[in-house]
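# Per-entry structural report
So you can see what is in the structure, the chains are spelled out below.
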Number of protein chains: 2
Amino acid sequence: MVVALDKKPSHEVVIVGGGFGGLYTAKALANANVNVTLIDKRNFHLFQPLLYQVATGTLSPADISAPLRSVFSKSKNTKVLLGEVSDIDPKAQKVILGDQVVPYDTLIVATGANHSYFGKDNWKEFAPGLKTVEDAIEMRRRIFSAFELAEQETDPETRRAFLTFVIVGGGPTGVELAGAIAELAYQTLKEDFRNIDTSEAKILLLQGGDRILPHIAPELSAAAETSLQKLGVIINTQTRVTNIENDIVTFKKGDEVTEIASKTILWAAGVQGSTLGKVLAERTGVECDFSGRVIVEPNLTIKGYKNIFVLGDLANFSHQNGKPLPGVAPVAKQQGEYVGGLIQLRLQGHTLPEFHYTDVGSLAMIGQNLAVVDLGFIKLTGFLAWVFWLVIHIYFLIEFDTKLVVVIQWAWNYITRNRRSRLITGKEAFLGPQPVNKNNPYQATETKLPVKV
Amino acid sequence: MVVALDKKPSHEVVIVGGGFGGLYTAKALANANVNVTLIDKRNFHLFQPLLYQVATGTLSPADISAPLRSVFSKSKNTKVLLGEVSDIDPKAQKVILGDQVVPYDTLIVATGANHSYFGKDNWKEFAPGLKTVEDAIEMRRRIFSAFELAEQETDPETRRAFLTFVIVGGGPTGVELAGAIAELAYQTLKEDFRNIDTSEAKILLLQGGDRILPHIAPELSAAAETSLQKLGVIINTQTRVTNIENDIVTFKKGDEVTEIASKTILWAAGVQGSTLGKVLAERTGVECDFSGRVIVEPNLTIKGYKNIFVLGDLANFSHQNGKPLPGVAPVAKQQGEYVGGLIQLRLQGHTLPEFHYTDVGSLAMIGQNLAVVDLGFIKLTGFLAWVFWLVIHIYFLIEFDTKLVVVIQWAWNYITRNRRSRLITGKEAFLGPQPVNKNNPYQATETKLPVKV
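Residues numbered from 1 in each chain as written. Chains lettered and ligands numbered in written order. Predicted model: local features only at pLDDT ≥ 70, side-chain atom pairs only at ≥ 80, totals over all residues. Heavy atoms only, no water.

- Chain A appears in an unreviewed UniProt entry as NADH:ubiquinone reductase (non-electrogenic) from Anabaena sphaerica FACHB-251.
- Chain A has a UniProt comment under Catalytic activity (unreviewed entry) that states "a quinone + NADH + H(+) = a quinol + NAD(+)".
- Of the comments in the UniProt record for chain A, the one headed Sequence similarities (unreviewed entry) reads "Belongs to the NADH dehydrogenase family." (UniProt positions renumbered as here; feature names shortened; annotations may be inferred.)

If you want it as structure tokens, here you go:
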């Protein structure tokens, strides 16, 4: 299993995080003249942009994941470690991983972002977010349980609360979730129930800013809003959530305060950098922004440490546009490829100019047949945009068989208007949403180090 | 949504359990002149024979499941309820479902079987079984975590325990699990690790009786044993497990007692009827056998109640062979179709002769390319048997798109020798096997009624 190289690599590159940023750095360095150690707390790379499709019953988690070992099994210079990095020692050039210590010559920190509840962490229990596979399975459980429990509910007010869905956050995740749930209620599940009429479901999308999808062209935001409304979604912009407790969402638009009873409140607003951002700040003095993202240099290193890179959602790169690059997959991908190239050039005594992001555009799916695509010079809506969206997402899935399975799932769902993967699973799979249970096993908690047994 | 029938049905059929037995009863009655209520504590039908493929990373849960509502959405006389039946009132002809009461004219109880630990229920914590989707995901987590933790383990004895897998039970489930894990260790994961050599893994299959696969022809058992051994599995027959505690399995063959350290002990031995069997016994006086299965009449009713049927794994039907029919899918399917037909004939004043099971044969997969098939007049082994096994399982999957996805997964795995769906997921996804944790959230516990929120 040992590959003989002309010159045994001695430069140790440690990459923390196997998302887009870390993955594409590792890919760029596979078979280069370095030793790569890729550390992730999961054994798979997750294609987050399609998580909402797991949450709404179209895809399975494995359809949007790639086992990291499998991706790098042929790269003999690449080692994959399952674990969580708890600390970094920049002077000794080591990362701490449980009771292991992993030395590095070059370190890449790409551990991404988590959800932010704007300081109201108690809302997390009532309004789950969508960052991990477990999040998606829990969201799926709540969405489908809501219809099941509505079917058996005799009290009309409670039934209405089961059939009311509130999505907080009008970026791509919130928009795509809202559209998918609307399709579920008004199309897919229409014939499946006998006591309830799922078309009575109400789906609200709450957005703090002026328009949904704020990062794309205004005319496309407007097109997306129209499409969503045609699907049946009720959109409230310039709306701030002021409280989420038990089954009540309170929100404010101007002076108008509204309370809505909803058993299924989903959080798609607000991000904050992962914990390693704070760790880096403490250990190196680098600054973070108010969202906990690490402020990086033009070549993605951190100030004072040319051998420590931060990229992806954890990085705040503002050198190009005066404001941070968005936390989207293409940014992380390009940054990973840049850093991978830079490391190799450095070993040969060269360097690269500063990182430049080639903005290929933005896209969001509204529902089957509808999407908006902003490529700058071209803007697409409707069916053509939707096809484009599908093709791009397939392109970004990194394993061929996954691409094939996903294409088939999508084709099938399109033809049958069915969603096959709508299992309610989990520990207490049929208990329905449990917002008041403080011992809710499904609360997304901070992950812990592996316990040695 | 209301379909006008010539004569509005007034006969209420309640089916408890959406496995093979309940599902095929409901299918036989779909659009018949009865009202059908199908109750299951899950919102999907699970194709249990392929669960081991979820546990070993080949398939996703949705690939082997069908949403019950989806299956019956076109059958306007069929209602699906998500819930758990806690009690039956045979005099008043009602089932109790949480705080609901569901009246019936005819009742079918088809809630299947659970694992039996032969009285040693404390073993359940250390040796999980394979009955539900959650079981499969937990088993998958333990299997793949074992390799991950071995990769990082410095103590050679502990590493050996991580690379030792013990499967208890030599029926089809145990045999298929053992073969799949052997393929994982010796083929699929061979190139994926750097510190360990997965071909050093040891896989033990322990069987109490004389031969593995005791229900098929002896020559096929022998062929299966040879094939498994070629794959690398160590088989111990006439072996009884005497203790499982923490990471040690103690077993006895004759006078010889052995202790093995293993972090991954999997239970595939012993079944017992589900709780509703005992409930029926208490409420109706019907007898159960020592495994908790309900002893049924030749027409699958219970003694004294011609409108209560029990079928599938929960039933002990010994009228044909003098011993109970095995708890396999084709038995439950045929029983369901029989009962569905009988109910309709009764409404017209007719009846049917006693139930007769047409034994189509038995089959088990040993690994890719290898299976054994016993059709009575034909016995197959090797590649041909394997193809037959694939075709039969595809046939039994009840939704077309699932068939297509599974075929693709299998084709892909065959060509690439890869297993794509090997995610480690769950609450503490990377903690590895935790046999000593009494608060292990993954303990398979008795399921509870939905809590009204």
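### Considering the sheet that holds strand β2 (residues 35-40) of chain A
All names here are of chain A.
- Reading across from one edge, β5-β2-β1-β9-β21-β20 is the order of the 6 strands in this open sheet, with mixed pairing throughout. Each having just a single partner strand, β5 (78-82) and β20 (301-302) make up the two edges of the open sheet.
- Inspection of the sheet shows strand β1 (residues 12-16) paired to β2 by 5 bridges, in the parallel sense. By the bridge assignment, Val14 is partnered in β2 with Thr37.
- Contacts between helix α9 (residues 329-347) and the sheet are confined to β1, β9 (106-109), β20 and β21 (305-310), with β21 contributing the most and set at about 160° to the helix. (Pairing = 2+ DSSP bridges. Helix = DSSP H or I, 4+ residues; strand = E, 2+ residues; numbered from the N terminus. Contact = heavy atoms within 4.5 Å. Axes fitted to C-alpha atoms, helices over the stretch in contact; angles between N-to-C directions.)

### What to know about the domain arrangement of chain A
Residues and elements named next belong to chain A.
- Domain boundaries assigned for chain A yield domain 1 (3-41 + 83-115 + 271-347) and domain 2 (121-269).
- Relative to domain 2, the C-alpha centre of domain 1 lies at a distance of 35 Å.
- Taken together, the 5 residues of domain 1 in the interface contact 6 residues of domain 2.
- In total, domain 1 and domain 2 occlude about 450 Å² of area from one another, counting both sides; carbon and sulfur atoms represent 57% of this.
- Counting across the interface, domain 1 meets domain 2 through 1 salt bridge.
- For the salt bridge of Asp313 with Lys131, the shortest nitrogen-to-oxygen distance reads 3.9 Å.
- At the boundary of domain 1 with domain 2, the tally comes to 1 residue pair in polar contact (both at pLDDT 80 or more).
- When residues of the side of domain 1 that touches domain 2 are assigned to their parent elements, the largest contribution, 3 residues, is made by strand β10 (residues 113-115).
- For the side of domain 1 that touches domain 2, a count of residues per class yields 2 nonpolar, 2 polar and 1 charged. (Domains from an automatic or database assignment. Buried area = accessible area lost by both parts, 1.4 Å probe. Salt bridge = Lys/Arg side-chain N within 4 Å of Asp/Glu carboxyl O. Polar contact = N/O pair within 3.5 Å; in protein donor to acceptor, adjacent residues only side chain to side chain. Nonpolar A, V, L, I, M, F, W, Y, C, P; charged D, E, K, R; others polar.)

### Here's the deal with helix α7 (residues 218-231) of chain A
Residues and elements named next belong to chain A.
- Between the first and last C-alpha of α7 there are 20 Å, a value that for 14 residues agrees with the 20 Å anticipated at 1.5 Å per step.
- All buried positions along α7 are accounted for by Leu220, Ser221, Ala224, Ser227, Leu228 and Leu231. Down the axis of α7, the buried side of the element spans an arc of 125°, and every buried residue falls inside it. Seen from the buried face of α7, the exposed residues on the opposite side, beyond 90 degrees, are Pro218 and Lys230. (Expected span 1.5 Å × (residues − 1). Buried < 20%, exposed > 50% of the residue type's maximum accessible area, 1.4 Å probe, protein only. Arc of directions from axis to C-beta.)

### Remarks on the nonpolar core
- Counting 130 residues, the largest nonpolar core has Ile88 and Ile203 of chain B as its most contacted members.
- When residues of this core are assigned to their parent elements, the largest contribution, 10 residues, is made by helix α4 (residues 133-152) of chain B.
- Among the domains, domain 1 (3-41 + 83-115 + 271-347) and domain 2 (121-269) of chain B are the pair contributing at least three residues each to this core.
- Here Ile88 of chain B is in contact with Lys94, Val95, Tyr104, Leu107, Val109, Leu276, Val279, Leu280 and Arg283 of chain B, once residues within four sequence places are set aside.
- Core analysis: the second largest hydrophobic core is formed by 126 residues, Ala26, Leu59, Leu325 and Tyr357 of chain A among them. (Core = buried A, V, L, I, M, F, W, Y, C linked by side-chain atoms within 4.5 Å.)

### Details of the packing of helix α1 (residues 20-29) of chain B against helix α9 (residues 329-347) of chain B
Residues and elements named next belong to chain B.
- At a minimum axis separation of 7 Å, α1 and α9 run at an interaxial angle of 35°. In this structure, the crossing between α1 and α9 has a hand that is right-handed. Listed contacts from α9 to Phe20, Gly21, Tyr24, Thr25, Ala28 and Leu29 of α1 are Ala329, Ala332, Lys333, Gly336, Glu337, Val339, Gly340, Ile343 and Gln344. (Left-handed = near helix turned anticlockwise from the far one by under 90°.)

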